[in-house]
Amino acid sequence: MDSGRFGPIRPEEAPKKRKRKIDYNRLTTAIMVLLIIVLVVAILCYRQSRKNAEPEIINKTPAFMGTPGVSASAAPTAKPVADLRPQPAAEGFLPVFYQANTEELVVAITIDECGSETQMKSILASAAEYNAHLTFFPTGTEIAANEELWAAAFLGGHEIENHTMTGARLAGLDAESLIGEIDGQTDLVREVIGAEYASHFLRTDDLEDDTDAALHALLSERGYMGIARWAQKTPANFSSVAPGQILSYTASDAKTLKTVMRILSENGYRMVTLNELFAYPENIESTAEIE
């Protein structure tokens with residue numbers, strides 16, 4: 001038997017190893033906390049990966065609504081006016097109108113040579129049947145011959161524009177005669193409808209007027225928008241008709257015009273005035289009382 005420093009050591013007095021007591025409750029709690037932390041980290045990592053894979057779209061404006069930050073009601077629905085209308089060929093001249101730059105199914109039907117009362121009444125009846133708003137280019141003498149008819153045309157929602165007083169050729173006229181041809185017809189329109197009516201378009205039988213500087217200067221002074229021509233004259237093949245075109249007929253085409261209006265209507269076209277086609281205001285601001 002070994003001896004200790006102060007004498008022999010009995011077996012029962014030998015030092016014993018102390019066993020470490022494990023607190024299983026604390027161990028279980030620690031493991032649970034660790035698992036929770038791992039789970040939270042895993043969830044956060046998963047959400048971040050989904051966010052990177054699929055960009056946030058809640059605050060994005062749908063493409064059809066236009067510019068981000070602009071409400072749907074403010075989104076443009078038609079071409080800007082500057083793109084819709086033709087532009088002058090040179091400085092100091094007004095535009096010459098043939099066609100509006102649009103894809104909308106609209107055309108403007110214009111009528112010249114309006115002297116026959118029977119033909120005019122037939123055209124007005126067809127227009128009412130197919131909800132067509134026409135633009136008439138009567139001369140002053142044609143208006144003077146049947147004022148009641150032109151009052152009815154105006155009240156029917158149609159546009160009356162200027163074809164000069166007598167249909168005379170304007171090139172070479174002196175200033176006084178030119179003013180008489182332009183203003184004389186407008187004065188008659190004003191008498192018929194009983195209001196200050198401002199013509200917006202002139203049509204003449206002479207294409208040289210399109211480049212007459214004196215005529216353009218006079219029209220500009222009086223607030224005209226330009227000279228009205230046409231994209232097609234009495235078209236017989238409607239496959240050639242395109243959105244925005246000005247179509248030209250005479251009153252003698254009354255029977256043809258009824259068929260024209262029917263076919264255009266069946267193909268989804270609206271028949272509008274020149275003012276509406278080119279987004280100009282009405283010739284007067286409010287409906288006039290006919291005297």
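Source: prediction; values computed, not measured.

**A look at the overall build of the protein**
- When you go through the protein residue by residue, the secondary structure sums to nine helices and 11 strands.
- Look at the contacts in the protein between residues 6 or more apart in sequence, and 73% of them connect residues 24 or more apart.
- Approximately 18,100 Å² of the protein is accessible, and the part contributed by carbon and sulfur atoms is 55%.

**With respect to the nonpolar core**
- Formed by 36 residues in total, the largest nonpolar core has its most connected members in Ile-109, Ile-111, Ile-123, Phe-136, Trp-150, Met-261 and Leu-264.
- Ile-123 has contacts with Ile-111, Leu-134, Phe-136, Ala-251, Ala-254, Leu-257 and Met-261, leaving out every residue within four places of it along the chain.

**Thoughts on the packing of aromatic side chains**
- The tally for this structure, following the rule as stated, stands at six aromatic pairs.
- Relative to Tyr-280, the ring of Phe-97 lies with its centre 6.2 Å away and its plane at 75°, an arrangement referred to as edge-to-face. Here Tyr-280 lies in the segment after helix H9 (274-277) and Phe-97 lies in strand E3 (residues 96-97), a separation of 183 residues in the sequence. Each of the two residues, Phe-97 as well as Tyr-280, counts as buried.
- Note on Phe-201 and Tyr-280: the rings are 6.0 Å apart at their centroids and 70° apart in plane angle, and the pair reads as edge-to-face. Within this pair, whereas Phe-201 is found in strand E7 (residues 201-202), its partner Tyr-280 is found in the segment after H9, the two being separated by 79 residues in sequence. You'll find Phe-201 and Tyr-280 in the same group, each marked buried.
- A connected cluster of aromatic rings, assembled from ring pairs, spans Phe-97, Phe-201, Phe-278 and Tyr-280.
- We note Arg-85 situated over the ring of Tyr-280; from NZ or CZ to the ring centre the distance is 3.8 Å.

**Description of the confidence of the model for the protein**
- With 78% of its residues at a pLDDT of 70 or more, the protein has an overall mean of 83.
- Contacts from residues 53-77, a stretch scored under 50 in pLDDT, to residues over four places away or in other chains number seven contacts.
- Counting contacts from residues 287-291, a segment whose pLDDT is below 50, to residues more than four positions away or on other chains yields 12 contacts.

**A short note on the side chain of Ser-199**
- Mapped onto the elements of the fold, Ser-199 is located in the loop between helix H6 (175-193) and E7.
- Those residues in contact with Ser-199 that lie beyond four places of it in its chain are Glu-161, Asn-162, Gln-185, Thr-186, Gly-223, Tyr-224 and Asn-283.

**A short note on the side chain of Thr-102**
- By the element assignment, Thr-102 lies in the loop between E3 and strand E4 (106-112).
- Thr-102 sits in the buried class, given a relative accessible area of 18%.
- At a separation of 3.0 Å, a polar atom in the side chain of Thr-102 contacts the main-chain amide nitrogen of Glu-104.

**Thoughts on the pattern of salt bridges**
- Inspection of the entire model under this criterion finds 13 salt bridges.
- In this structure, Arg-190 and Asp-187 form a salt bridge, with 3.9 Å as the shortest nitrogen-oxygen distance. Placement of the pair is Arg-190 and Asp-187 together in helix H6, with a separation of three residues, close to one helical turn.
- Overall, Arg-190 belongs to the partly exposed group, its relative accessible area being 28%.
- What makes Asp-187 partly exposed here is its relative accessible area of 37%.
- As a salt-bridge pair, Arg-190 and Glu-196 come within 3.7 Å of each other at their nearest N and O atoms.
- What makes Glu-196 exposed here is its relative accessible area of 63%.
- Where salt bridges share partners, they join Glu-104, Arg-270 and Glu-276 into one cluster.

**Concerning the sheet that holds E3**
- If you trace the three strands from one edge of the open sheet to the other, you get E3-E8-E7, paired in parallel fashion. Of all strands in the sheet, those with a lone pairing partner are E3 and E7, marking the two edges.
- Where E7 meets strand E8 (residues 226-228), two bridges bridge the pair, whose relative direction is parallel. Within the sheet, the bridge partner assigned to Phe-201 lies in E8 and is Gly-226.

**A closer look at H6**
- Under the 1.5 Å per step criterion, the end-to-end length of H6 is 27 Å for 19 residues, consistent within 8% with the ideal 27 Å.
- The axis of H6 is deflected most strongly, by about 25°, at Asp-183.
- Those residues of H6 not exposed but buried are Leu-178, Glu-181, Ile-182, Gly-184, Gln-185, Thr-186, Leu-188, Val-189, Val-192 and Ile-193.
- In this structure, the buried side of H6 is in contact with helix H4 (140-145), helix H5 (147-155), strand E6 (159-160), E7 and helix H7 (213-221).
- In this structure Asp-174 caps H6, since a side-chain oxygen of it lies 3.1 Å from the backbone nitrogen of Glu-176.
- Residue Gly-194 follows H6 closely and has a positive phi angle near 70°.

Basis of the calculations
- Residues numbered from 1 in each chain as written.
- Predicted model: local features only at pLDDT ≥ 70, side-chain atom pairs only at ≥ 80, totals over all residues.
- Heavy atoms only, no water.
- Helix = DSSP H or I, 4+ residues; strand = E, 2+ residues; numbered from the N terminus.
- Contact = heavy atoms within 4.5 Å.
- Areas by Shrake-Rupley, 256 points an atom, 1.4 Å probe, with all protein chains shown as cover.
- Core = buried A, V, L, I, M, F, W, Y, C linked by side-chain atoms within 4.5 Å.
- Buried < 20%, exposed > 50% of the residue type's maximum accessible area, 1.4 Å probe, protein only.
- Phe/Tyr/Trp six-rings, centres within 6.5 Å; stacked < 30°, edge-to-face > 60°.
- Lys NZ or Arg CZ within 6 Å of the ring centre and 35° of its normal.
- pLDDT = per-residue confidence, 0-100.
- Polar contact = N/O pair within 3.5 Å; in protein donor to acceptor, adjacent residues only side chain to side chain.
- Salt bridge = Lys/Arg side-chain N within 4 Å of Asp/Glu carboxyl O.
- Pairing = 2+ DSSP bridges.
- Expected span 1.5 Å × (residues − 1).
- Bend = angle between axes of the 7 residues up to and from the residue.

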